[in-house]
Amino acid sequence: MRKNIVAGNWKMNKNLQEGVALATELKELLASEKPNCEVIIGTPFIHLATVAELLKDSVIKVSAENCADKASGAYTGEVSAEMVKSTGATYCILGHSERRMYYGETYEILKEKTLLALANGLKPIFCIGELKEEREAGKQNEVVKAQLEGSVFNLSAEEFSKVVLAYEPVWAIGTGLTATSDQAEEIHAYIRSLIAEKYGEEIAENTTILYGGSCKGSNAKELFSKPNVDGGLIGGASLKANDFKEIIDAF
Ligand code: 13P
């Protein structure tokens, strides 16, 4: 059976001290009450080593928000998948729409990043999702299909089975506009059907597909009640321990 996951994506928020304080608070909140899902926090690179050490005996796993598309060498300012792995992080968010939009990450770049993450023992949380105009034109299925075919459907079945997908409609990110649970269910089911076509039913059934975009305590339960929505990738509401805990409690 596939895992349910609630993952936070802190994005470019929290300095080191603030990040450590948030991770500590969350660790304490979850120590007394075991969550009914896997819990991951995605932090900026500079937090990873400290936060991974802090959380090593807790139920919370740690993720990077990105990694380089090159293995090593003269790429000033970049952080490789191997470096991420050496911090104790076990996941890596890739393909977030903000990186596609603001940093020009193409299907090809994301294909390289995914291969490098996997080669270094990191599990990718691979994000896909359409823009507002694409949804309005009814093109959402076409868009997510192209994103999967362009960056992850080249993987072997064994590699793909380590990938977590996150459907994040760009129009719902940080806007307060959430996809309805029916909209989420419809496209998650479509994504799962694409995986089944490519890798077979068993792998499709075992793939965790998260929803992201203005997910919060008040709507998480409804979204997660859908059969093809296996949890959430949470931005804003992952920045406060109590808000994030409320989403975890939806399971
Ligand atoms: P918000 O939860 O702030 O809408 O962000 C979602 C997101 O982009 C998670 O990766």
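Scroll up a little and you will see the structure.
## Some thoughts on the nonpolar core
Counting residues in each nonpolar core, the largest one holds 65 residues, and the members touching the most others are Ile 41, Phe 160, Leu 165, Ile 191, Ile 195, Tyr 211 and Phe 224. Looking at this core element by element, the count peaks at seven residues for helix 9 (residues 181–199). The contact partners of Leu 165, leaving out residues within four places of it in the chain, are Phe 126, Leu 148, Phe 160, Ile 191, Ile 195, Thr 207, Thr 208, Ile 209 and Leu 210. If you look at the next biggest cluster of nonpolar residues, it comprises 11 residues, including Ala 7, Cys 127, Val 164 and Leu 233.

## Thoughts on the site of the ligand
The environment of the ligand is made up of Asn 9, Lys 11, His 96, Glu 168, Ala 172, Ile 173, Gly 174, Gly 213, Ser 214, Leu 233, Gly 235 and Gly 236. A distance of 2.8 Å separates an oxygen atom of the ligand from a polar atom in the side chain of His 96. Gly 235 has a polar backbone atom sitting 2.9 Å from an oxygen atom of the ligand. Relative to its unbound accessible surface of 310 Å², the ligand loses 94% to contact with the protein. Tallied by class, the residues present in the shell around the ligand amount to three nonpolar, seven polar and two charged.

## Notes on the pairing of strand 4 (residues 91–94)
Residues in a regular strand point their side chains to alternate faces of the sheet. Here strand 4 shows a buried face lined by Tyr 91 and Ile 93 and a second buried face lined by Cys 92 and Leu 94. Judged from the two bridges that link them, strand 3 (residues 60–64) and strand 4 form a sheet pairing that is parallel. Its bridge partner being in strand 4, Ala 64 is matched across the sheet by Cys 92. For the segment spanning strand 3, helix 3 (residues 81–86) and strand 4, crossover handedness is right-handed. Strand direction decides the pairing type here: strand 4 and strand 5 (residues 123–128), joined by four bridges, are parallel. When the sheet's bridge partners are listed, Tyr 91 is paired in strand 5 with Lys 123.

## Describing the side chain of Gln 140
Checked against the element boundaries, Gln 140 lands in helix 7 (residues 140–151). In this structure, Gln 140 is in contact with Glu 130, Glu 134, Arg 135 and Ile 187, ignoring residues within four places of it in sequence.

## Let's talk about the packing of helix 7 against helix 9
Where helix 7 meets helix 9, the axes come as close as 11 Å, and the angle between the chain directions of the two elements is 40°. Put simply, helix 7 runs oblique to helix 9. Considering how the two elements wind past one another, helix 7 and helix 9 form a crossing that is right-handed. Here Gln 140, Asn 141, Val 144, Lys 145 and Leu 148 of helix 7 come into contact with helix 9, specifically with Ile 187, Tyr 190, Ile 191 and Leu 194.

## Description of the environment of Ile 203
Here Ile 203 shows up in helix 10 (residues 201–206). Considering only alpha carbons, one finds Ile 203 and Ala 89, 114 residues apart in sequence, at a separation of 24 Å.

## Let's talk about a nonpolar patch on the surface
On the surface, a cluster of nonpolar side chains totalling about 400 Å² of accessible area is made up of Met 101, Tyr 102 and Tyr 103. Relative to the assigned elements, Met 101 resides in helix 4 (residues 97–102).

## Remarks on the pattern of salt bridges
Summed over all chains, the structure comprises 16 salt bridges. In this structure, the salt-bridge partner of Glu 136 is Lys 132, at a minimum N-O distance of 3.3 Å. Taken together, the residues span about one helical turn, with Glu 136 and Lys 132 both in helix 6 (residues 132–136) at a distance of four residues. As a salt-bridge pair, Lys 226 and Asp 182 come within 2.9 Å of each other at their nearest N and O atoms. With Lys 226 in the loop between helix 11 (217–224) and strand 8 (231–234) and Asp 182 in helix 9, this pair connects stretches of sequence that are 44 residues apart. Residue classification places Asp 182 among the exposed positions, given a relative accessible area of 52%.

## Some thoughts on helix 1 (residues 16–31)
In an α-helix, one turn spans 3.6 residues; hence positions three or four apart end up facing the same way. Here helix 1 spans 22 Å end to end across 16 residues, near enough to the 22 Å set by a 1.5 Å rise per residue. Of the residues making up helix 1, those classed as buried are Gly 19, Leu 22, Ala 23, Leu 26 and Leu 30. All buried residues of helix 1 fall inside an arc of 95° around its axis, so they share one side. Facing away from the buried side of helix 1 by more than 90 degrees, the exposed set consists of Gln 17, Glu 28 and Ala 31. Packing partners of the buried residues in helix 1 comprise strand 2 (38–42), helix 2 (48–54), strand 3 and helix 12 (241–248). For helix 1, the N-terminal capping position is held by Asn 15, with its side-chain oxygen 3.1 Å away from the main-chain nitrogen of Gln 17.

What counts and how
- Residues numbered from 1 in each chain as written.
- Predicted model: local features only at pLDDT ≥ 70, side-chain atom pairs only at ≥ 80, totals over all residues.
- Heavy atoms only, no water.
- Core = buried A, V, L, I, M, F, W, Y, C linked by side-chain atoms within 4.5 Å.
- Buried < 20%, exposed > 50% of the residue type's maximum accessible area, 1.4 Å probe, protein only.
- Helix = DSSP H or I, 4+ residues; strand = E, 2+ residues; numbered from the N terminus.
- Contact = heavy atoms within 4.5 Å.
- Near = heavy atom within 4 Å.
- Polar contact = N/O pair within 3.5 Å; in protein donor to acceptor, adjacent residues only side chain to side chain.
- Areas by Shrake-Rupley, 256 points an atom, 1.4 Å probe, with all protein chains shown as cover.
- Nonpolar A, V, L, I, M, F, W, Y, C, P; charged D, E, K, R; others polar.
- Pairing = 2+ DSSP bridges.
- Right-handed = clockwise from strand over helix to strand, strands pointing away.
- Axes fitted to C-alpha atoms, helices over the stretch in contact; angles between N-to-C directions.
- Parallel < 35°, antiparallel > 145°, perpendicular 65-115°, else oblique.
- Left-handed = near helix turned anticlockwise from the far one by under 90°.
- Patch = residues over 30% accessible without salt bridge, like charges linked within 9 Å, V, L, I, M, F, W, Y side chains within 5 Å.
- Salt bridge = Lys/Arg side-chain N within 4 Å of Asp/Glu carboxyl O.
- Expected span 1.5 Å × (residues − 1).
- Arc of directions from axis to C-beta.

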